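# Topology and contacts: notes
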Amino acid sequence: MSDSSITLHVTRAAFELPDTSPFVIKTEVQLKMAGLAYERVPMIPPQAPLGKLPFIDDHGEVVSDSTFIRAHLERKYGVDLDARQRAQAWAFERVL
Ligand SMILES: N[C@@H](CCC(=O)N[C@@H](CS)C(=O)NCC(=O)O)C(=O)O
């Protein structure tokens, strides 16, 4: 594990998808959108703290569940993953 990046615990790539888990893909896209460095570490769900993947290890802080991971990233790194869609919604509202 690298000291400089978040560790994203994942399942594995298959069926021409980056991962078999949609929850892992969602979290990976959010890490990319946030511009955060991360490292994929494959494992099987029984090895995860809550028995499910994904979970992250953010420099010693372990966060499980894609919903809680998103909240953690937004809070800790001050990213707003909905900013673009909120701006578009505001623009549509003004136009209408
Ligand atoms: N609510 C969780 C769901 C995660 C989840 O169900 N992951 C599946 C892989 S797609 C898993 O690890 N399943 C193992 C099991 O249920 O035993 C999240 O959003 O992260």
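Heads up: these notes are all about the structure in this document. (Residues numbered from 1 in each chain as written. Predicted model: local features only at pLDDT ≥ 70, side-chain atom pairs only at ≥ 80, totals over all residues. Heavy atoms only, no water.)

## Observations regarding the overall build of the chain
When you go through the chain residue by residue, the secondary structure sums to three helices and four strands. Along the chain, helices and strands appear, N-terminal first, in the series β-α-β-β-β-α-α. Seen through its C-alpha atoms, the chain measures out along the principal axes to roughly 50 × 30 × 20 Å. Here the chain, with 96 residues, has 34% of them falling under the buried criterion. (Helix = DSSP H or I, 4+ residues; strand = E, 2+ residues; numbered from the N terminus. Buried < 20%, exposed > 50% of the residue type's maximum accessible area, 1.4 Å probe, protein only.)

## Thoughts on the site of the ligand
Every residue close to the ligand is listed here: Ser21, Phe23, Pro45, Gly51, Lys52, Leu53, Pro54, Asp65 and Ser66. A distance of 2.8 Å is found between a nitrogen atom of the ligand and a backbone nitrogen or oxygen belonging to leucine 53. For the ligand, a nitrogen atom lies 3.0 Å from a polar atom in the side chain of aspartate 65. (Near = heavy atom within 4 Å. Polar contact = N/O pair within 3.5 Å; in protein donor to acceptor, adjacent residues only side chain to side chain.)

## Re the pattern of salt bridges
Pairing between side chains of opposite charge can happen when their charged atoms approach one another. Counted by the stated rule, this structure contains eight salt bridges. Its salt-bridge partner being glutamate 74, residue arginine 70 comes within 3.4 Å of it at the nearest N-O pair. Of this pair, arginine 70 and glutamate 74 are both found in helix α2 (residues 66-77), four residues apart, which corresponds to roughly one turn of the helix. Judged by its relative accessible area of 25%, glutamate 74 is partly exposed. Note that arginine 94 is salt-bridged to glutamate 93, the shortest N-O span being 2.9 Å. One connected set of salt bridges, linked through shared partners, spans Asp19, Glu28 and Arg40. (Salt bridge = Lys/Arg side-chain N within 4 Å of Asp/Glu carboxyl O.)

## Focus on unusual backbone geometry
Look at the link from leucine 53 to proline 54: it is a cis peptide, with omega at 10°. Within the secondary structure layout, proline 54 lies in the loop between β2 (38-42) and β3 (55-58). One non-glycine residue with positive phi stands out, namely histidine 59, at about 55°. Along the chain, histidine 59 turns up in the loop between β3 and β4 (61-64). Non-glycine residue aspartate 65 carries a positive phi angle of around 85°. Inspection of the secondary structure assignment puts aspartate 65 in the loop between β4 and α2. Its relative accessible area of 37% is what places aspartate 65 among the partly exposed residues.

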